[in-house]
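This is what each chain is made of:
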Amino acid sequence: MYAYSSVFKDESKLDINYVPPRLPHRDAQLKLLNQFFRFTVDTPGKMTQRALVVGKVGAGKTVLTQLFGQSISREAERRGVNLHYVHVNCRECKGSLFMVIQRVVLKFHPTYPKRGYSAEELLQALMQILDEQKAYLILTLDELDALVQNEGSDSLYSLTRVQEDRQITAQRLSIIGIVRDTALLNTLDASTKSTLQRNLIQLEEYSQPQLRDILDDRMANAFRENTVPSQSIDLIAELAAMEGGDARYAIELLWRAGKYADTQEAREVQPEHVRKAASSVYPTIRKDTIPTLNLHQKLFLLGIARRFKQSDMAHLSMGEAEDAYAVVCEEYNEEKRGHTQLWKYVQELSIMDIVRAESSGTGQRGKTTLISLPKVSAAELEKELLKTLGT
Amino acid sequence: MNDQMSIELVFSSKGRVKILKILVDIGELNISEIARRARLNYTTTNQHLQVLESSGIVRHKNFGRIRIFRFNEENSRAKRIKDLMNEWDK
């Protein structure tokens, strides 16, 4: 008999929100960001800058900007510059400019009233706060796609141009946008496009050896010594490289494999644990978004997931989805929401990239919204939903 | 400088004292929120705040249409009232 001790030393190092002190194979891009925004500590207030970080899922966009934010904030503090780095995920803000700016304002004024004014007014208030506190702001808009999808290019336009009416005062607001795909730029109007495009930082997907380096780094911090043999790491790197160089997926695999090793009370993380982990992780659905949905969004999604599980159709019409939802509502003893509300949910879920919604167009009688689940298996989604619904 | 308000007038109103306590606790707040927390209506709250402002104890900042009130840190009386209230609730 011996007491089993976990293969982990510090699991938090594998959390998706963890920002490691160094990023293998992203030195050049980090340097570039630093060059673009050097002036914010050298000559604050003289100018502002906009940059765009482009890269696929798991290419390190978020972590790159966050690491940059930490380092520039430190540098600013050292020099006594009142510089703030604020990172906002537009998708979490449901693609609303108002919510994005509100998050920023609340950082400066935690008791700022929550409603009763427009996004434009809020933006003006933000500029006023910055003026009063003589503060400078680097605002990172993560998943900028969501904002543009939801509100078109106008919001972005007003954000990039808010400085221009105020040439006399100090320039305080710089912006970093993060997108997955430069195709987004084509949907913007010409002037917004040109202001963003000037400074483009492209993150190529990680290659297999690069993924290995990242995994080695994380493993050394998260696992006890000699618990992860190199063939397991190799396998993870290979799997993640096949997923399009997705480092987030790689790290999640590593974590899950460790978990499986723990449940079997194994001394090492074997390739078999990795395989098991791989079959249970669906790379593209963001598990962290599901708990943020409200009850009826979850129920609605559950209805859709079950309907898809039972049939092999590629799409559900809005009507079918509503029927499925009605059944779920009965099961949970919830009064069902009306059509308009559900339609809104579909729009929101599609902005969050959980379902895809498209108009049926002509060809069948009438017009309906067709809903599909391109990224997750219905069974997996159902499992995930039941977990958060607490059954 | 300010209209001198006698001390009994400032503290004779339960509403005003409540508002001051809220501002001590929270720091900065808009009128609706002060009203909500003090369980007063908007107009009353507004009037109390006007009185307190004219005696120099609180001040406000405008953000567009929004007014945000807080203690007037530059006023030595306001500071002492704040200290007293902090002391009281310990």
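What you are looking at is a predicted structure, and each value in this text was computed from that prediction instead of being measured. (Residues numbered from 1 in each chain as written. Chains lettered and ligands numbered in written order. Predicted model: local features only at pLDDT ≥ 70, side-chain atom pairs only at ≥ 80, totals over all residues.)

**Observations regarding the interface of chain B and chain A**
Each side of the interface is counted separately: chain B has eleven residues, and chain A has eight residues. Sorting the residues of the side of chain B that touches chain A by element identifies strand E1 (29–30) and helix H3 (31–38) of chain B as the ones contributing at least two each. Classifying every residue of the side of chain B that touches chain A gives four nonpolar, four polar and three charged. (Contact = placed C-beta atoms within 7 Å. Helix = DSSP H or I, 4+ residues; strand = E, 2+ residues; numbered from the N terminus. Nonpolar A, V, L, I, M, F, W, Y, C, P; charged D, E, K, R; others polar.)

**Let's talk about the sheet that holds strand E4 (residues 173–179) of chain A**
Whether parallel or antiparallel, the strands of a sheet pair through hydrogen bonds between backbone atoms. Residue and element names in this part refer to chain A. Spatial strand order, E2-E3-E4-E1-E5: five strands in an open sheet with parallel pairing. The sheet is open, and its two borders are formed by strand E2 (83–89) and strand E5 (200–203), each paired with just one other strand. Ignoring which end each strand starts from, the neighbouring axes of this sheet average 15° apart. Running over the sheet, helix H1 (residues 27–37) touches strand E1 (50–55), strand E3 (136–142), E4 and E5 and is turned about 165° from E5. (Pairing = 2+ DSSP bridges. Axes fitted to C-alpha atoms, helices over the stretch in contact; angles between N-to-C directions.)

**Remarks on the nonpolar core**
All names here are of chain A. Counting residues in each nonpolar core, the largest one holds 86 residues, and the members touching the most others are Leu-141, Leu-147, Leu-301 and Ile-304. The biggest single contributor to this core is helix H14 (residues 295–310), with seven residues. A domain split of this core shows at least three residues from each of domain 1 (27–203) and domain 3 (290–389). Residues Val-7, Leu-14, Leu-235 and Ile-236 belong to the second largest nonpolar core, which totals 30 residues. (Core = buried A, V, L, I, M, F, W, Y, C linked by C-beta atoms within 7 Å. Buried ≥ 20, exposed ≤ 12 C-beta atoms within 10 Å, placed from the backbone. Domains from an automatic or database assignment.)

**Things to note about unusual backbone geometry**
All names here are of chain A. Non-glycine residue Asn-226 carries a positive phi angle of around 55°. Checked against the element boundaries, Asn-226 lands in the loop between helix H10 (208–222) and helix H11 (230–242). One non-glycine residue, Glu-265, lies in the positive phi region at around 55°. Counting through the fold element by element, Glu-265 comes out in the loop between helix H12 (247–263) and helix H13 (271–280). Judged by C-beta crowding, with 12 C-beta atoms within 10 Å, Glu-265 ranks as exposed.

**What to know about the domain arrangement of chain A**
All names here are of chain A. The domain boundaries assigned to chain A delineate domain 1 (27–203), domain 2 (206–280) and domain 3 (290–389). A straight line from the C-alpha centre of domain 1 to that of domain 2 covers 34 Å. Residue-level contacts link five residues of domain 1 with seven residues of domain 2. Of the residues belonging to the side of domain 1 that touches domain 2, the class tally is two nonpolar, two polar and one charged.

**A look at the packing of helix H4 (residues 97–108) of chain A against helix H5 (residues 119–132) of chain A**
Residues and elements named next belong to chain A. Interhelical geometry of H4 versus H5 gives an angle of 25° and a closest axis separation of 9 Å. With respect to their mutual orientation, H4 and H5 come out roughly parallel. Crossing of H4 against H5: the hand is left-handed. Taken together, the residues of H5 that come into contact with H4 (itself represented by Leu-97, Phe-98, Ile-101, Gln-102, Val-104, Val-105 and Phe-108) are Ala-119, Leu-122, Leu-123, Ala-125, Leu-126 and Ile-129. (Parallel < 35°, antiparallel > 145°, perpendicular 65-115°, else oblique. Left-handed = near helix turned anticlockwise from the far one by under 90°.)

**Brief notes about the environment of B:Met85**
Residues and elements named next belong to chain B. By secondary structure assignment, the location of Met-85 is in helix H5 (residues 76–88). Residue class for Met-85 comes out partly exposed when judged on the 16 C-beta atoms lying within 10 Å of it. Sequence separation between Met-85 and Val-24 is 61 residues; the distance between their C-alpha atoms is 7.4 Å. The contacts of Met-85, once residues within four sequence positions are left out, are Leu-20, Lys-21 and Val-24.

**Some remarks on H10(A)**
Since the α-helix turns once every 3.6 residues, residues separated by three or four places project in the same direction. Residue and element names in this part refer to chain A. In this model H10 runs 20 Å from its N-terminal to its C-terminal C-alpha over 15 residues, within 8% of the 21 Å that 1.5 Å per residue would give. Every buried residue belonging to H10 is among Leu-211, Arg-212, Ile-214, Leu-215, Arg-218, Met-219 and Ala-222, and all of these are buried. Burial along H10 is one-sided: seen end-on, the buried residues are contained in an arc of 165°. Counted as exposed and oriented over 90 degrees from the buried face of H10: Pro-209 and Ala-220. For H10, the elements touching its buried residues are H11 and H12. (Expected span 1.5 Å × (residues − 1). Arc of directions from axis to C-beta.)

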